[in-house]
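Spelled out, the chains give:
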Amino acid sequence: MNASLSAASRRDLVFGILTVALLAAVSVAFPSFASPANLADVLNDTSILILLALGQMLVIVTRGIDLSVAANLALSGMIVALLNRSFPAIGVLPIICIAALSGGVLGAFNGLLVWKLRLPPIVVTLGTMSIYRGVIYLLSQGAWVNENEMSREFLRFVRWDFVELTTLSWLAIVVALLGFIALRYSGAGRDMYAAGGNPTAAQYCGIDPGRMQFIAYVISGALAGVCGYLWVARFAVAYTDIALGFELQVIAACLIGGVAIAGGVGSVFGVVLGCLFIGIIRNALPLVGISAFWQMFINGLVILAAVLLSARQRERKRSILEAV
Amino acid sequence: MPFLTLSHIQKSFGGTRALTDANLSLHAGQVTALIGENGAGKSTLVKILSGVHQPDAGEIQLEGQAVRIDHPEHARELGISVVHQESVVFDNLSVAENMFVGDRPRERGWVSWRTMRQRAAEVLKQLDATFDPDAPAGSLSIAQKHVIQIARGLTRRARVLIMDEPTASLAHREVEELFGLTRKLSAAGCSVLFISHKFEEVFDIANRYSVFRDGASVGEGELAASSRDELIRLMVGRPVEQLFPKTPPELGEPLMRVEHLSRTGEFQDISFDVRRGEILGIYGLVGAGRTELAQVLFGLESADSGSIEVCGRRVAVKSVQEAVREGIAYVPEDRQTQGAILPFSIASNLALPNLTALAPRGWWSAQRETQLADEWVETLKVKTANTATVVQDLSGGNQQKVVIAKWLARKPKILILDEPTKGIDVGAKRAVHAVMDQFVHRGCAVIMISSDLPEILGMSDRILVMRRGRVRALFTREEATSEAVIRAATDA
Ligand SMILES: Nc1ncnc2c1ncn2[C@@H]1O[C@H](COP(=O)(O)OP(=O)(O)OP(=O)(O)O)[C@@H](O)[C@H]1O
Ligand SMILES: [Mg+2]
């Protein structure tokens, strides 16, 4: 009888074992892959994906979707890159705050359209995705901001090491932990699950599902903004098309990690695993000598498998009864 | 002095006037029954009292003070606990959390899962519920979910407890437990508002009554000084015979025969048959396995062992399509999620299972669709301006009527009804019973799962009683008495 909750954690467990197995398989073939230094590299490489996917998870749990995360990232990244070019003396902390603020505002715009005008999330974020990219072009006039136009501090922050891990990795770990605590122990976190699980019932309990969606968009946006800075600093370049199409990887990571596209279900642990899974494949494929195109193919297969895994008997039954 | 008074409350939704002049007073330590036909405005009043809706006009007084209840949280702070008619259950959350959504126990601002689990377990124990507070609500049956919802209303010490049709899917025993608790609460000074379409329950639990008709109060008083017929006359505006007089059956050969049917964890070794022209009633407590059995018969789940015969031919009902082809129809119990497509109009909902009939030669006809809908809205007295209204905007009972009509219109050979008259008023109940009666007289068979004892006793030719997944007794109409049926359904 103890089906879906424990099924969800059982699923996380199975998936965790699968990820470790994948790691083991790659390491057997290429022992250097399992070296701590390389694993740290993989984590570093996956950190931005983790940060974005955690924000996306909130949005999907509350029955939304955010297609504009990558565009938001690119726009916020461009804003801080331009700021840094004009005022090289600005410290990293203010830069991060500005990036978060810019991302948060862009997210809030999505959120307001969904909450107050009740527009469908997919339409809203499809629209803002193009708008945000357009704004980058307007701001930069199509030009690039290059490494030599960025201050040393701006570039160095993401490369700073602490106990063998980069700032990027630490950020991902800290945000994941905070996310876990907030989703499990804060009223707002629980309200998000309730609102996503059954919006009508949530209303009867005094929760406004639209407001929860709004909050999710703001958080997802703010994380995307911070990632904008991280991305630009990491790759030492800002231009209109950075992270183009990255939103699909973010959503894929959520789905692989067991977030239900219908809302109400998703865990921090699952999402982090989903991201690591993608990260391991992405880093292992070149070693194995398989082209990067296979990566998409494999990600796709894994998404389908993950969806199959979580398609429950009960849901099937319900959809049949609704249809007839 | 009444504890809570509502005077001249008005409320409209767009053009629909749900409440025109609603008055109600609740007294400390008393149970007031609110009765009225489907769509009379009872639930709308409940939603106003619980802060979900705001009244357009009128006044609410609590202990003589005028109050505004502008948010569900506010209602809880005032000590008003509500069990809504709609399903307020979150499938994705645990049982314990379900009971505390919107009002979670906290420790230094953080949700305290330990306290939540403890308090949930206490309340569930009072209700004699056997399920685990940690189980996900999605894994429970409809009736069990209903129990969670009632438990929700009991988690906080309420000064006013409002229950909107809490007994709709409960059987005798569970109702007794609920009433026991209600009596305890009201003895402790709580004012209770109880809404039900079952008069036995009203007279059993309540001291006072208040009757609504078309959004206005048409009478209130002491129940002791009143009678069932009087209440019905107030409700409907004219006298209505309560029970449908069942006509003598014309029994034919068996249409469906089930032998030694089992499904692990749900039911074991079920055997029975239903004959042409017969209504077979199935009675049992929540969790007896009745719904699970019906779902196997309709091909939603498969049996582990045993056989099903239709018209003497052994069939393997492996899918709903096959069941439909064998002429089996099933009206599910959970109508909000399984029965109706809420954002669709009444007419389109009715049309769905009847597309072939509505589209002779492959072309669908809007005229036929409206005609069919008009006919059923008339037969079951669905309260609505027209058949283009979306089902979502109907009152609870009227939604039920649409779902039942949808399947009755299909004219199947074997009709399985799961709680067919749950939540519908006297007049409509009679209409459903009349349709069932006509239906079996055309040589078809009905399997009726019901927790409503008078309905089971009044309409069934034979009564199968289930307990914990097994057949405990099979009564003929003549043998069946309420005591015998209840005894068979309850653990000795
Ligand atoms: N959200 C809404 N939008 C439009 N109309 C509504 C809405 N809610 C209720 N109504 C209408 O208000 C009227 C009263 O509905 P209400 O749910 O209060 O009835 P009820 O007395 O609870 O009936 P039942 O016994 O069937 O539960 C109905 O005609 C219904 O169609
Ligand atoms: Mg109602």
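Nothing here was measured: the structure is a model prediction, and the numbers come from that model.

Student: Requested: an account of the layout of surface pockets, with residues and values cited.
Tutor: Residues and elements named next belong to chain B. Its volume calculated, the second largest pocket comes out at about 360 Å³. For the lining of the second largest pocket, the secondary-structure elements that each account for two or more residues are helix 4 (113-126), helix 5 (142-154) and helix 6 (172-187). A class-by-class count of the residues in the lining of the second largest pocket yields 7 nonpolar, 3 polar and 5 charged.

Student: Give a description of the nonpolar core that names residues and reports values.
Tutor: Residues and elements named next belong to chain A. With 96 residues, the main nonpolar core has Met 57, Phe 154 and Tyr 229 as its most contacted residues. No other element matches helix 2 (residues 36-61), which puts 14 residues into this core. Apart from the residues lying within four places of it in its own chain, the contact partners of Phe 154 are Val 80, Ala 81, Asn 84, Val 92, Ile 95, Tyr 229, Val 232 and Ala 233.

Student: So what's going on with the coordination of the magnesium ion (ligand 2)? Which residues, and what values?
Tutor: A four-donor tetrahedral metal ideally has 109.5 degree angles, and a six-donor octahedral metal ideally has angles of 90 or 180 degrees. Within the protein, Ser 43 of chain B (OG) and Gln 85 of chain B (OE1) serve as the donor atoms for the magnesium ion (ligand 2), at 1.9 to 2.1 Å. Here the residue Ser 43 of chain B occupies a position in helix 1 (residues 42-49), and Gln 85 of chain B occupies one in the loop between strand 6 (80-83) and helix 3 (95-100), the gap between them amounting to 42 residues.

Student: Break down the site of ligand 1 for me, with residues and values.
Tutor: All names here are of chain B. What surrounds ligand 1 is a group of 20 residues, the closest being Ser 43, Thr 44, Asp 393, Ser 395 and Gly 397. Measuring from an oxygen atom of ligand 1, one finds a side-chain N or O atom of Thr 44 at 2.5 Å. Summarising the interface, the protein chains cover 89% of the accessible area of ligand 1, which totals 640 Å² for the free molecule. Among the secondary structure elements, those contributing two or more residues to the shell around ligand 1 are strand 2 (16-26), helix 1 and helix 15 (396-408). Here the residues of the shell around ligand 1 are counted per class, giving 4 nonpolar, 12 polar and 4 charged.

Student: Give me the sheet that holds strand 17 (residues 313-315) of chain B: which residues, what numbers.
Tutor: The pairing of strands in a sheet happens through backbone hydrogen bonds and is either parallel or antiparallel. Residue and element names in this part refer to chain B. Ordered by their spatial adjacency, 4 strands build an open sheet running 14-13-16-17, and the pairing between neighbours is antiparallel. Unpaired on one side and paired on the other, strand 14 (267-275) and strand 17 mark the two borders of the sheet. Along the sheet, successive strands turn relative to each other by an average axial angle of 20°, direction set aside. Taken together, the 3 bridges between strand 16 (residues 305-310) and strand 17 define a ladder with antiparallel strand orientation. Along strand 17, the bridge assignment pairs Ile 308 with Val 315.

Student: Kindly report on a nonpolar patch on the surface, identifying the contributing residues and their values.
Tutor: Residue and element names in this part refer to chain A. The grouping of Leu 287, Val 288, Ile 290, Trp 294, Phe 297 and Leu 301 at the surface amounts to a nonpolar patch, some 560 Å² of accessible area in total. Breaking the nonpolar patch down by element, the ones donating at least two residues are helix 12 (268-288) and helix 13 (293-310). As for its position among the elements, Val 288 is in helix 12.

Student: If you had to explain the domain arrangement of chain B to someone new, which residues and values would you point to?
Tutor: The accessible area lost on association of the parts is a frequent measure of interface size. Residues and elements named next belong to chain B. Domain boundaries in chain B define domain 1 (4-236) and domain 2 (240-489). In this complex, domain 1 contributes 27 residues to the contact, which on the side of domain 2 involves 25 residues. Here domain 1 and domain 2 share 1 salt bridge between them. Measuring nitrogen to oxygen at the nearest pair gives 3.7 Å for the salt bridge that ties Asp 214 to Lys 383. Taken together, the connections running from domain 1 to domain 2 amount to 5 residue pairs in polar contact (both at pLDDT 80 or more). Counting residues per element, the ones that place at least two in the side of domain 1 that touches domain 2 are helix 5, helix 6, helix 7 (199-205) and helix 8 (228-236). By residue number, the principal contributor to the side of domain 1 that touches domain 2 is helix 8, which donates 4 residues. Looking at the side of domain 1 that touches domain 2 residue by residue, the classes come out as 9 nonpolar, 9 polar and 9 charged.

The rules behind the values
Just so you know, the residues in each chain are numbered from 1, in the order the chain's sequence is written. To read the labels, note that chains go from A and ligands from 1, taken in the order they are written. Local features are withheld for residues below a pLDDT of 70 in this predicted model, meaning they are given only at 70 or higher, and side-chain atom pairs are given and counted only at 80 or more; totals for whole chains, interfaces and linings count all residues. Water and hydrogen atoms were dropped before computing side-chain values, which therefore reflect all heavy atoms in the structure. Using only the protein atoms, space was sampled on a 1 Å grid; points where a 1.4 Å probe fits but cannot get out form cavities, open sets with protein on both sides within 12 Å along at least five of seven lines form pockets, and lining residues are those with an atom within 4 Å of a point. Grid points are joined across faces, edges and corners, and a volume is the space filled by probe spheres set on the points. A helix here means a DSSP run of H or I that spans at least four residues, while a strand means a run of E at least two residues long, and both kinds are numbered starting from the N terminus. Three residue categories are used. Nonpolar comprises Ala, Val, Leu, Ile, Met, Phe, Trp, Tyr, Cys and Pro, charged comprises Asp, Glu, Lys and Arg, and polar comprises the others, including Gly. The nonpolar core is taken to be a set of buried Ala, Val, Leu, Ile, Met, Phe, Trp, Tyr and Cys residues, with the residues joined through side-chain atoms within 4.5 Å. Working definition: with a 1.4 Å probe on protein chains only, accessible area under 20% of the residue-type maximum means buried, over 50% means exposed, and in between means partly exposed. Whether two residues are in contact is decided by their heavy atoms: any pair within 4.5 Å suffices. Water is not part of the atom set, so a site may look incomplete; the donors themselves are N, O and S atoms within 2.8 Å of the metal, or 3.2 Å for Na, K and Ca. Any residue with a heavy atom lying within 4 Å of a molecule or strand is counted as near it. We define a polar contact as two N or O atoms separated by no more than 3.5 Å, with the added condition that, inside protein, one atom must be a possible hydrogen donor and the other a possible acceptor, whereas residues neighbouring each other in sequence contribute only through side-chain atom pairs. The protein chains shown are the only cover counted for residues, whose accessible areas, like all others here, come from Shrake-Rupley with a 1.4 Å probe. Two strands form a pair only when DSSP identifies at least two bridges running between them. Note on definitions: angles span 0 to 180 degrees between N-to-C directions of axes, and those axes are lines fitted to C-alpha atoms, for helices only across the stretch in contact. Without a salt bridge and with relative accessible area above 30%, a residue can belong to a patch; like charges are then joined within 9 Å and nonpolar side chains (Val, Leu, Ile, Met, Phe, Trp, Tyr) within 5 Å. The term salt bridge refers to a side-chain nitrogen of Lys or Arg lying within 4 Å of a carboxyl oxygen of Asp or Glu. Domain extents, as shown, originate in an automatic or database domain assignment.

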